[in-house]
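# Architecture at a glance
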Amino acid sequence: MFKNHKTIIQLSDHFDYKRLLRFTFPSIIMLIFTSIYGVVDGFFVSNYIGKTAFTAVNFIIPMLMILGSVGFMFGTGGGALIALTLGKGKKEKANEFFTMLVCLSLGFGIALTVLGFLFLRPTLAFLGAKGQLLEDCMIYGRVILLAIPASILQYEFQCLFATAGKPQLGLTITVAAGLTNAVLDALFVAILPWGLEGAAAATGIGQCIGGILPLFYFARPNTSLLRLTKARFDKRAFLKICTNGSSELMSNISSSLVSMLYNVQLLRYAGENGIAAYGVLMYVNFAFLAAYIGFSVGVAPVIGYHYGAGNFDELKNIRIKSLRIIIIFSLLMFTSSLLSARPLASLFVGYDENLLEMTLHGFSIYSFSFLFAGFAIFGSGFFTALNDGLTSALISSLRTLIFQVAAVLFLPLIWQLNGIWVSIVAAELLSALTAGIFLIIKRKKYYY
C-alpha cells in the first residue's frame, strides 16, 4: 500500500480508473526513467564524441540488455508468485520467496559479468563490428559489465516495489538513479574528457543506486509488505518463478537478439548511418514501450492478488479497464511520436543532414507500431500475473522473436531499407491479434 493525498490504496481494493492509474503510475515512470539511461548516454556520446561512438553504443546495448534481462524474469515471475502468496494470507512464505530471489539475483549477476568479459569481443566481431567501431564497443562494454549485478537487481526491484505495496518509493529511487546518470554524463563526457568510459561509468553508477539502495531498505524493518529475512532455496518455487517470468525473459532476450539482427541488416542496406538512425528510433521505442511495460508491471500484483483471493468480478473489472487504458495510451503515443520526430532526431543527429533525413523517414513508418505494441505487452503480463507462464511466454516469443525475425529477414528483400522500418509495424500488429485471441480463449479458465 502507499499513501497519496491521505488515501491508502491496497491490493485488495476495488479499482476504478483513477485508482488503477494512480497505483500503476509509479511503475510506469520507473520503467521510463530506466529507459532514459541509454537515451542520455546517446545524447552526450553523439554530440560530444561523434557518430562512430554513437553507433558503437547502439550496437552493443542489445548485448548488455540480454545480461540484465534476468532481473525482469525474477521480478515479474517472482512478483506474480509473491502476490499470489500474499493473496492467500501467507506473508512469511512470501518474504522467504522474496529473499531467495534477491540472493539468487546477486549470484547470477556475478556469473554473467564474468561470462560477459570472456565473450564480449568474439561476439561483437561475429556480429560484424570491426575497426574503430569494435574498439569503441569494447571500451563502453567493459565498464558497463561491472554493473551487471546492480542492473539485474534494479530491474527486479522495479517490479517488486509494486508487489511490496511501495511503488512510490520505487519511483523515488529510480528517479534518483536516472538523475545521477544524467548529471554524471554531463560531467564525465561534456566537461571532463573521459569519452565512452565516462558515459559507461555514469550509467553504471546510476544502476548501482537503483539496484543497491533497495537492499538497505528491505534489510531493515519497514512499512512495506516485504522484508529480507532468513530463507532457504526452494526448488519448486524457483522453477515456478522462472516459468512465470520466462515470458519477460524471452521478451527481453528476443528483443535484444532482434535488435542485433536489425543492426546487421542496417549495416548491409544503409551502413553506419542506418544503425545511428535506428538508435534514435530505439530511444523513443524504449521510452514508449516502457510505459506499456510499466503499466503491466504495476497492475500485475493487483491481478495476482485478486486471482489468488478468488475475487473474479474484480479480476474482470481490472482486465476491462486495463485494455481501455492501453487503447488510450496507444493513440497518445502514436500522435506524440509523429509530432516529436523532428525535434528528437535533430537533438541526436542534427549535425548530419543525410542522417537526419533517414531518421525522419524511419520515424514516419515506425510510429505506427505504437498503435499495436501495448496489447501484446499487456496480454503477456496479464497471464504472467495469473501464473500462466506458458501462455505468457508464447505471446512474448511470437511478438519479440518469431514475427520480428521473419519480418526483418523477408520484408527488406521487397522494400530494402523501408522493409526494415515496416518490419516492426507488421510484427506488432500480428502480436496484438495473437494476444487478443488468447484473452478470448482463456477467459473461462480464469473467470475474468
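Residues numbered from 1 in each chain as written. Predicted model: local features only at pLDDT ≥ 70, side-chain atom pairs only at ≥ 80, totals over all residues. Heavy atoms only, no water.

## Side note on the overall build of the protein chain
Helix and strand counts for the protein chain stand at 15 helices and two strands. Computed over the C-alpha atoms, the radius of gyration of the protein chain is 21 Å, within 12% of the 22 Å expected from 2.2 N^0.38 for a compact globule of 448 residues. Considered along the principal axes of its C-alpha atoms, the protein chain spans approximately 60 × 45 × 40 Å. Buried positions account for 60% of the 448 residues belonging to the protein chain. Contacts in the protein chain between residues far apart in sequence, at least 24 positions, make up 81% of those at least 6 positions apart. For the protein chain, the computed accessible surface area is about 17,600 Å², with 68% contributed by carbon and sulfur atoms. (Helix = DSSP H or I, 4+ residues; strand = E, 2+ residues; numbered from the N terminus. Rg over C-alpha atoms; globule rule 2.2 N^0.38 Å. Buried < 20%, exposed > 50% of the residue type's maximum accessible area, 1.4 Å probe, protein only. Contact = heavy atoms within 4.5 Å. Areas by Shrake-Rupley, 256 points an atom, 1.4 Å probe, with all protein chains shown as cover.)

## What about empty space enclosed by the protein?
Summed over all chains, the structure comprises four cavities of 30 Å³ or more. Considered as a void within the structure, the second largest cavity measures approximately 90 Å³ in volume. Lining the second largest cavity are Asn 58, Ile 61, Pro 62, Met 65, Ser 259, Asn 263, Tyr 278, Gly 279, Met 282, Tyr 283 and Phe 286. Elements with a contribution of two residues or more to the lining of the second largest cavity: α2 (51–68) and α9 (235–309). (1 Å grid on protein atoms, 1.4 Å probe; cavity = no way out; pocket = protein on both sides within 12 Å on 5 of 7 lines; lining within 4 Å. Points joined across faces, edges and corners; volume = space filled by probe spheres on them.)

## What to know about the environment of Glu 92
Structurally, the position occupied by Glu 92 is in helix α4 (residues 91–126). Each C-alpha atom, one on Glu 92 and one on Ile 275, is 49 Å from the other, the two residues being 183 residues apart in sequence.

## Digging into helix α5 (residues 131–145)
The end-to-end C-alpha distance of α5, which contains 15 residues, comes to 21 Å, matching closely the 21 Å that a straight helix rising 1.5 Å per residue would cover. By the burial criterion, the buried members of α5 are Leu 133, Leu 134, Asp 136, Cys 137, Met 138, Tyr 140, Gly 141, Ile 144 and Leu 145. (Expected span 1.5 Å × (residues − 1).)

## Quick look at the nonpolar core
One recurring pattern in soluble globular proteins: nonpolar side chains tend to sit buried together. One finds Ile 82, Leu 124, Tyr 140, Phe 295 and Trp 421 to be the most contacted residues of the largest nonpolar core, which totals 127 residues. Among the nonpolar cores identified, the runner-up in size contains nine residues, and Met 30, Leu 31, Phe 72 and Tyr 155 belong to it. (Core = buried A, V, L, I, M, F, W, Y, C linked by side-chain atoms within 4.5 Å.)

## Describing the packing of helix α12 (residues 373–385) against helix α13 (residues 389–415)
Where α12 meets α13, the axes come as close as 7 Å, and the angle between the chain directions of the two elements is 155°. Here α12 lies roughly antiparallel to α13, going by the angle between them. Handedness of the crossing formed by α12 with α13: left-handed. Residues Ala 373, Ala 376, Ile 377, Gly 379, Ser 380, Phe 383 and Thr 384 of α12 lie in contact with α13, whose contacting residues are Gly 389, Thr 391, Ser 392, Ile 395, Ser 396 and Arg 399. Classifying every residue of the contact of α12 with α13 by side-chain character gives five nonpolar, seven polar and one charged. (Axes fitted to C-alpha atoms, helices over the stretch in contact; angles between N-to-C directions. Parallel < 35°, antiparallel > 145°, perpendicular 65-115°, else oblique. Left-handed = near helix turned anticlockwise from the far one by under 90°. Nonpolar A, V, L, I, M, F, W, Y, C, P; charged D, E, K, R; others polar.)

## Quick notes on the packing of aromatic side chains
Within the structure shown, the criterion is met by 31 aromatic pairs. An aromatic cluster is present here, built from Phe 295, Tyr 307, Phe 312, Phe 329, Phe 378, Phe 382, Phe 383, Tyr 446, Tyr 447 and Tyr 448 joined pairwise through their rings. The residue whose ring lies beneath Lys 321 is Tyr 17, and the NZ or CZ to ring-centre distance is 5.1 Å. (Phe/Tyr/Trp six-rings, centres within 6.5 Å; stacked < 30°, edge-to-face > 60°. Lys NZ or Arg CZ within 6 Å of the ring centre and 35° of its normal.)

## With respect to a nonpolar patch on the surface
Among the surface-exposed residues, Ile 110, Val 114, Leu 115, Leu 118 and Phe 119 lie close enough to one another that they form a single nonpolar patch of about 500 Å² accessible area. Taking relative accessible area as the criterion, Leu 115 reaches 42% and is therefore assigned partly exposed. (Patch = residues over 30% accessible without salt bridge, like charges linked within 9 Å, V, L, I, M, F, W, Y side chains within 5 Å. Salt bridge = Lys/Arg side-chain N within 4 Å of Asp/Glu carboxyl O.)

## Remarks on the pattern of salt bridges
Two side chains carrying opposite charge are able to pair once their charged atoms lie near each other. Evaluation of the coordinates by the stated rule reveals six salt bridges. A salt bridge links Arg 121 to Glu 135, with the nearest nitrogen and oxygen atoms 3.1 Å apart. Of this pair, Arg 121 sits in helix α4 while Glu 135 sits in helix α5, and the two are 14 residues apart along the sequence. Judged by relative accessible area, Arg 121 falls into the partly exposed class, the value being 32%. Exposure remark for Glu 135: the relative accessible area of 33% places this residue in the partly exposed category. With its nearest N and O atoms 3.0 Å apart, the salt bridge here joins Glu 428 to Arg 399. Within this pair, whereas Glu 428 is found in helix α14 (residues 417–441), its partner Arg 399 is found in helix α13, the two being separated by 29 residues in sequence. A residue is classified by how much of its surface remains accessible, and Glu 428, at 2% relative accessible area, is buried. Classification of Arg 399 by relative accessible area gives buried; the value is 7%.

## A few points about the confidence of the model for the protein chain
Interpretation of the predicted coordinates at a detailed level should be avoided for regions scoring low in pLDDT. Overall, the prediction assigns the protein chain a mean pLDDT of 90, with 98% of residues at 70 or greater. Confidence over residues 1–6 falls short of pLDDT 50; this stretch has 18 contacts with residues more than four positions distant or in other chains. (pLDDT = per-residue confidence, 0-100.)

## Here's the deal with the side chain of Ser 330
Relative to the elements of secondary structure, Ser 330 occurs in helix α10 (residues 312–349). In this structure Ser 330 comes out as buried when scored by relative accessible area, which is 2%. If near-sequence neighbours (up to four positions away) are discounted, Ser 330 is found in contact with Tyr 292, Phe 370, Leu 371 and Phe 375.

## Overview of unusual backbone geometry
Positive phi values are uncommon outside glycine, yet Gln 416 reaches one of about 55°. Relative to the assigned elements, Gln 416 resides in the loop between α13 and α14. Phi is positive for Tyr 447, close to 60°, though the residue is something other than glycine. Here Tyr 447 shows up in the segment after α15 (443–446).

## Structural notes on the state of the cysteines
Applying the stated criterion across every chain yields a total of zero disulfides. Residue Cys 242 stays outside any disulfide, its sulfur separated by 14 Å from that of Cys 159, the closest cysteine. Judged by its relative accessible area of 17%, Cys 242 is buried. (Disulfide = S-S within 2.5 Å.)

## Observations concerning the packing of helix α11 (residues 353–366) against α14
Direction vectors running N to C along α11 and α14 enclose 35°, while the axes themselves pass 8 Å from each other. Considering only the axes of α11 and α14, their crossing is right-handed. Each of Met 358, His 361, Gly 362, Ile 365 and Tyr 366 in α11 lies in contact with α14, whose residues at this interface are Leu 417, Asn 418, Trp 421, Val 422, Ile 424 and Val 425. Across the contact of α11 with α14, the residue classes tally to eight nonpolar, three polar and no charged.

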